[in-house]
Amino acid sequence: MNFYPKCHSSVSWPLTIPSGKAILLKSLDFNGLKKRLATVSTRHSFVSNAVKGTCELELKDPQLLRNKCYIGGEFIPALKEDGQGWFDVLNPATGALITKVADGGKFTTQRAIESALEAFESWKKLTSMERSSLLRKWFDLILKNAEDLGKIMTTEQGKPLSEAIGEVKYGASFVEFFAEEAKRLYGDIIPAGVQTRALVFPQPVGVCGLITPWNFPCAMLTRKAAPALAAGCTVVCKPSEMTPLSALALCELAARAGIPKGVLNVVTGFHAKPIGEELTSNSLVRKISFTGSTAVGKRLMSESASTVKKVSMELGGLAPFIVMEDANLDSAVYGLIACKFRNNGQTCVCANRVYVHSSIYDEFTHKVVEKVKTLRVGNGMEPGVNLGPLINEKAVEKVDRHVKDASSKGAKIIIGGSRHSLGGLFYQPTVITNMDDSMTMSCEETFGPVVGLFKFHTEEEVLKRANSTNFGLASYLYTSDLARAWRMAESLESGMVGLNEPMISTSTVPFGGVKESGV
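Predicted model, so just to flag it, every value in this text is computed and none were measured.

Chemist: Is there a simple way to explain the overall build of the protein chain in this structure?
Modeler: Regarding its fold elements, the protein chain presents 14 helices and 24 strands. A burial count over the protein chain gives 58% of its 519 residues as buried. Entry remark: accessible area of the protein chain is about 20,500 Å², with carbon and sulfur atoms responsible for 53%.

Chemist: Would you mind going over the side chain of Thr 99 with me for this structure?
Modeler: If you trace the backbone, Thr 99 turns up in strand E8 (residues 97-103). Owing to a relative accessible area of 17%, Thr 99 belongs among the buried residues under this scheme. Not counting the four nearest positions on each side in its chain, Thr 99 is found in contact with Asn 67, Phe 87, Asp 88, Val 89 and Leu 245.

Chemist: Explanation requested: the packing of helix H3 (residues 128-144) against helix H6 (residues 219-231) in the structure shown.
Modeler: A pair of packed helices can be characterised by two numbers: the angle between their axes and the separation between those axes. At a closest axis distance of 9 Å, the pairing of H3 and H6 adopts a crossing angle of 155 degrees. Put simply, H3 runs roughly antiparallel to H6. Our pair here, H3 against H6, has a crossing hand that is right-handed. Residue-level contacts link Arg 131, Leu 135, Trp 138 and Ile 142 of H3 to Leu 221, Thr 222, Ala 226, Leu 229, Ala 230 and Ala 231 of H6.

Chemist: How should I be thinking about helix H9 (residues 294-304) in this particular structure?
Modeler: Owing to its 3.6 residues per turn, the α-helix brings residues three or four apart onto one side. Buried residues of H9: Thr 294, Gly 297, Leu 300 and Ser 304, and no others. The buried side chains of H9 occupy one side of the element, clustering within an arc of 120 degrees when seen end-on. Turned more than 90 degrees away from the buried face of H9 sit Ala 295 and Ser 302, all of them exposed. In the core, the buried residues of H9 are packed alongside strand E11 (207-211), helix H8 (272-281), strand E14 (285-291), strand E15 (310-314) and strand E21 (471-472).

Chemist: In this structure, what is going on with the UniProt feature "active site" (unreviewed entry) in the protein chain? I would like to understand it.
Modeler: The UniProt record marks Glu 314 with the feature "active site" (unreviewed entry), using the residue numbering of this structure. Glu 314 gets classed as buried once you look at its relative accessible area, which sits at 8%. Excluding anything up to four places from it in sequence, Glu 314 contacts Met 220, Phe 290, Thr 291, Gly 292, Cys 348, Leu 473, Phe 511 and Ser 517.

Chemist: I keep staring at the pattern of salt bridges and nothing clicks. Help me out?
Modeler: A pair can form between side chains of opposite charge whenever their charged atoms are brought close. On inspection of all chains with the given rule, the structure shows 30 salt bridges. Among the ionic pairs, Lys 100 bridges to Asp 88, the shortest N-O distance being 2.6 Å. A residue pair is termed long-range when its members are at least 10 positions apart, and Lys 100 in strand E8 and Asp 88 in strand E7 (residues 85-90) qualify at 12 residues. Of the residues examined, Lys 100 reaches a relative accessible area of 40% and is grouped as partly exposed. With a closest N to O distance of 3.2 Å, Arg 484 and Glu 459 form a salt bridge.

Chemist: Would you take a moment to explain the pairing of E7 for this structure?
Modeler: Note on strand geometry: in a regular strand, side chains alternate between the two faces of the sheet. In this structure, E7 lies alongside E8, joined through 6 bridges in antiparallel fashion. The residue bridging Asp 88 from the neighbouring strand is Lys 100, located in E8. From the end of E7 to the start of E8, which pair antiparallel, there are 6 residues, and Gly 95 there has a positive phi angle of about 80 degrees.

Chemist: Hey, could you run me through the state of the cysteines in this one?
Modeler: Think of a disulfide as a covalent bridge from one cysteine sulfur atom to another cysteine sulfur atom. Here the structure, examined in full by the defined rule, presents 0 disulfides. We note that Cys 237 lacks a disulfide partner, and the nearest cysteine sulfur, in Cys 251, lies 7.5 Å from it. For Cys 237, a relative accessible area of 0% puts it in the buried group.

Chemist: Would you mind showing me how to read the nonpolar core here?
Modeler: Nonpolar side chains tend toward joint burial in soluble globular proteins. Membership of the largest hydrophobic core comes to 61 residues, with the highest contact counts inside it found for Trp 138 and Ile 142. If you tally residues by element for this core, the top one is helix H5 (residues 161-181), at 10 residues. Once residues within four sequence positions are removed from consideration, Ile 142 is found in contact with Leu 149, Val 168, Ala 172, Val 175, Thr 222, Leu 250 and Leu 253.

So, how was this worked out
- Starting from 1, residues in each chain are numbered consecutively following that chain's sequence as written.
- Residues qualify for local features only when their pLDDT is at least 70, as the model is predicted, and side-chain atom pairs are given and counted only at 80 or more; totals for whole chains, interfaces and linings, by contrast, use all residues.
- With hydrogens and water set aside, each side-chain value is computed from the structure's full complement of heavy atoms.
- Secondary structure elements are defined from DSSP: runs of H or I of at least 4 residues count as helices, runs of E of at least 2 residues count as strands, and each element is numbered from the N terminus.
- Each residue gets one of three labels from its accessible area relative to the maximum for its type: buried under 20%, exposed over 50%, partly exposed in between, using a 1.4 Å probe on protein chains only.
- Reported accessibility uses the Shrake-Rupley method at a 1.4 Å probe radius. Residues are deemed covered only where the shown protein chains occlude them.
- A contact between two residues is defined here by any heavy atoms of the two lying within 4.5 Å.
- Lines fitted to C-alpha atoms define the axes, with helix axes restricted to the stretch in contact, and inter-axis angles between N-to-C directions lie between 0 and 180 degrees.
- What sets the label is the angle itself: under 35 degrees gives roughly parallel, over 145 gives roughly antiparallel, 65 to 115 gives roughly perpendicular, and the rest give oblique.
- In this scheme the crossing of two helices becomes right-handed for a clockwise turn of the near helix relative to the far one and left-handed for an anticlockwise turn of less than a right angle.
- Arc, as used here, means the arc of the directions from the helix axis to the C-beta atoms.
- UniProt positions are given in the numbering used here, feature names are shortened, and annotations may be inferred rather than shown by experiment.
- Salt bridge, as used here: a side-chain nitrogen of Lys or Arg that lies within 4 Å of a carboxyl oxygen of Asp or Glu.
- Two strands pair under a simple rule: DSSP has to find at least two bridges between them.
- For the purposes of this analysis, a disulfide is any pair of cysteine sulfur atoms at a distance within 2.5 Å.
- Think of a nonpolar core as a cluster: buried Ala, Val, Leu, Ile, Met, Phe, Trp, Tyr and Cys residues, connected wherever their side-chain atoms sit within 4.5 Å.

And the structure:
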């Protein structure tokens, strides 16, 4: 099931409204979406060795599989001061060891920051055209190696191979877009008084610390690094300890593209705290960009305050998905499946609270259940698989806790509701009805393949319930009434609203939330 639109194509158009939201509109014809949801069988090569507890990846270019920190243009082990240790990266589908990765810490991070600062002095002096050319070469290499990058991602993160390759192309689109934007770093000439003109021009911030999550190990790095490099900044990235291999593969391609030593640095480490604390406290770092939980984001913001760093935070969500009585039900069902089950429900913008008008509740529920029955769970390297494993045992326990909480309070499990027969980190795609606002799922991200259906009666009621949260990242609304669409979209307290459209993220549109969902 390919949850990503093709690279270089557009399925929606943005409109900016006074509140600053990015609203995506899509025609009510859902045939295009049906095609995008078609299962893609992709040829692959994957060998598991259960005896040794390791798995072997067969790549067209084995040099893409790296396991050391990338600092100053070289792949190096963690520094002696950090213990020169290694940590295991496991395949969530099989539990097998993929490889051991350098376990960096505070001192390795310091080395990376110093390398980035040294490179900054020359990188910022390149012309915008020179930086654009290098980013374009990086983009071309990412696309050329999309299949290998997809295999690496599926093996360390679990999502189906077709979906992983889709993410690689999606991630590459940020590099392409900001390679072009690098040429357009315009300033302003402002009349400032009698016979006076003020010249305003942008300058790079400096060294940027990037902390990226495990659920989109390629796209989250490119989304952060590409604009920073385009602007003339250099970066130090800390990828998730669960998915560091995608970041390191991107570094290998950046080196081949000719991006100078020290411009892009990656510090891998099992323990995020010492690396994060060095990035936030070191005065040489001038900006922090983080994608992850609100709790961690708050801590990073607090730590960054000591040196008054600029921050960009993309934090937790609790997205409402609203289906009005006049909605095209088939379109809404396809939209919900795409929005909820992409990456097995492990996205910050996926539907978490599905509000369905009472007059269509039963019909909509039936259609959703029939569609969920067709989803195939399994190892993402197998053709035809729609849903892979969850990322770790903690994630499985959280999903199961949400399901049991709802069931204990009167909700009805229509399909799924427990661990999958495959065992391990697999969980059954689940649909639950009779949900109410007392249940944990109404106030906490599930981050798993569970659809909880809440019933509502009026527009005013559903808006109040949708907005009654400290989070405000994304919202989704399905209706055929244009006036209602605009009225409700402007009333929803979230940074992004998808109108009859489940895929709201693209390189050309602002991405972010309000309230405690980010800065």
